[in-house]
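Fold and geometry: a report
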Amino acid sequence: MRSEPVRPDDGYLRALVAATERAVSDAAPLDSDHAGAPAELREPVADAVAELGDELVALSRDLHAHPETSFDEHRSVAAVADLLKRHGHEAEVGVGGLETALRVGVGSDGPHVGILAEYDALPGIGHGCGHNVICTTAVGAYLALAGRAPGRVTLFGTPAEEGGGGKETMARAGLFADVDAVVMLHPFSHDVAMHPFLGRRQVEMVFRGVAAHAAAQPFMGRNALDAAVAAYSGVAALRQHLPPGDRLHGVFTDGGSRPNVVPDRAALMFYVRSAEPATLRDLAARVTAIAEGAALMHGCGVELTWDEKPAYLPIRHNRALAGRWAVNQRECGRTSLAPGVVPEFLTGSTDLGNLSYRMPAIQPMLAISGPTVALHTVEFAEAAGGPGGDAGVRDGALGLALTALDYLADPALREAVHAEFEAQGGAVDVPHYFD
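Rules behind the numbers
Residues numbered from 1 in each chain as written. Predicted model: local features only at pLDDT ≥ 70, side-chain atom pairs only at ≥ 80, totals over all residues. Heavy atoms only, no water. Pairing = 2+ DSSP bridges. Helix = DSSP H or I, 4+ residues; strand = E, 2+ residues; numbered from the N terminus. Axes fitted to C-alpha atoms, helices over the stretch in contact; angles between N-to-C directions. Contact = heavy atoms within 4.5 Å. UniProt positions renumbered as here; feature names shortened; annotations may be inferred. Salt bridge = Lys/Arg side-chain N within 4 Å of Asp/Glu carboxyl O. Buried < 20%, exposed > 50% of the residue type's maximum accessible area, 1.4 Å probe, protein only. Phe/Tyr/Trp six-rings, centres within 6.5 Å; stacked < 30°, edge-to-face > 60°. Lys NZ or Arg CZ within 6 Å of the ring centre and 35° of its normal. Core = buried A, V, L, I, M, F, W, Y, C linked by side-chain atoms within 4.5 Å.

The chain goes by Peptidase M20 domain-containing protein 2 in an unreviewed UniProt entry, where it is assigned to Pseudonocardia lutea.

This is the structure:
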């Protein structure tokens, strides 16, 4: 009998990598129709990023060496606050009801741009999503812009992106109420100006049955585990009817205690992901129907708990602002690709999506690893703490700083950014979208 699992054949992955390499080599970068900030504003900001480079890399390495998981990022946020203080900026820590959230700003009038930092890590993997790079590029962009840009600039430290929804909690506390647009980046295997992230909801299904002796009187039981298995099978059958890119995945969290007792409780946890808010809502309704049908089939009850932590909406991209990012990355020798070149199903979910339905937002992807390295792996964590991550810190801080400056200094760009946002439907009541 085989004791080890059969490793999946990697033929499809190898073919995908080859096809992506050909597409990337043939693709043109995203471009912009707008001039952005004038040279007399850009040059001092770029010089400031260069001067901060060593400090930013040191902060990135420090965060990488001391990873902290969602809502426990106390050392990380303190390290960020210490660097800001050394440069004369006293940050508020513990804003929005979150102990590890941070806010610091400059300017008092004019357009207001927010720069977003993440610093939570993954259990057992550390910074396998590269949040040390996200954080330090945001800090560097803020410090470079402070005192050198028109308008208002605020740095937000946003905890618990990995499942905790810190940005949504902060938004509900009103921290983004007067922010006009937000910018951040995400490390990746390729440079992409606009890459989709799926919306995500989570549901716990708890089935209740009637316990009985499984040998002597099984006919007096109602098997909650059977109901849970039926629900799992129903979700599995649903997968073949999903739109491309949608995802359903789950685990059993309770299946009973002993084989000789008909289980009176069984539970599942599912993540439900979709590329559009409307399709995410529809998919959640279909999963609900499956759970209720499975309970009815087996004479059980079922309790569904949706979104114990905030749901994540998919990212709504802003092409006008992302185009300026792509132009600014050329100064670093990077080609930031348009959508569709890198396979768009190579993705996950992020709470930035929630902000992108409140205001214009971008989250370009920044290459720090080789093209075959996936997020949320040990290999990506190694890249985030190595030379690729260091280069990403310097290049990313410059890109964010110049893109935020473009937004603040170019009225025509701002008008285009907000016209695009309104054409996409404008602001959405995120907290009540799934009611």
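1. A few points about the sheet that holds strand β8 (residues 247–254)
Whenever strands of a sheet pair, they do so through backbone hydrogen bonds, lying parallel or antiparallel. Ordered in space as β8-β9-β7-β10, the 4 strands form an open sheet in which the pairing is antiparallel. The open sheet is flanked by β8 and β10 (301–306), the only strands paired with a single partner. Between one strand axis and the next, the sheet turns by 20° as a mean value, whatever way the strands run. Sheet analysis places β8 next to strand β9 (residues 265–274), joined by 7 bridges and oriented antiparallel. Paired with G250 across the two strands is F270, which belongs to β9. With respect to the sheet, helix α6 (residues 224–238) is in contact with β7 (199–208), β8 and β9, its orientation differing from that of β9 by roughly 15°. Strand contacts of helix α7 (residues 277–297): β7, β8, β9 and β10, with the helix running at about 10° to β7, the strand carrying the most contacts.

2. Focus: the UniProt feature "domain: Peptidase M20 dimerisation" (unreviewed entry) in the chain
The sites that carry the UniProt feature "domain: Peptidase M20 dimerisation" (unreviewed entry) are, in the present numbering, residues 202–293. Secondary structure within residues 202–293 divides into 35% helix and 27% strand; the distance between the first and last C-alpha atoms comes to 19 Å.

3. Concerning the pattern of salt bridges
Should their charged atoms come close, side chains of opposite charge can pair. Counting across every chain of the model gives 19 salt bridges. Its salt-bridge partner being E331, residue R42 comes within 2.7 Å of it at the nearest N-O pair. With R42 in helix α2 (residues 39–65) and E331 in the loop between α8 (319–329) and α9 (352–356), this pair connects stretches of sequence that are 289 residues apart. Under the relative-accessibility criterion, R42 is labelled buried at 13%. Salt bridges sharing partners connect three or more residues here, namely R42, R324, E331 and D406.

4. Some remarks on the packing of aromatic side chains
Under the defined criterion, the tally for this structure stands at 4 aromatic pairs. Put simply, the rings of Y232, F252 and F270 pair up and form one aromatic cluster. Taking NZ or CZ as reference, R200 lies 4.5 Å from the ring centre of Y312, over its face. Geometry around Y433 places R281 over its ring, the cationic atom sitting 4.2 Å from the centre.

5. Details of the nonpolar core
Counting residues in each nonpolar core, the largest one holds 65 residues, and the members touching the most others are L84, L102, I115, V139, Y142, L145 and L155. For this core, the element with the most residues is helix α11 (residues 387–409), which contributes 10 residues. Leaving out residues up to four positions away in the same chain, L84 has contacts with H89, A91, L102, V104, V139, Y142, L143 and L155. By size, the runner-up hydrophobic cluster in this structure holds 30 residues, among which are M205, A266, C300 and F434.

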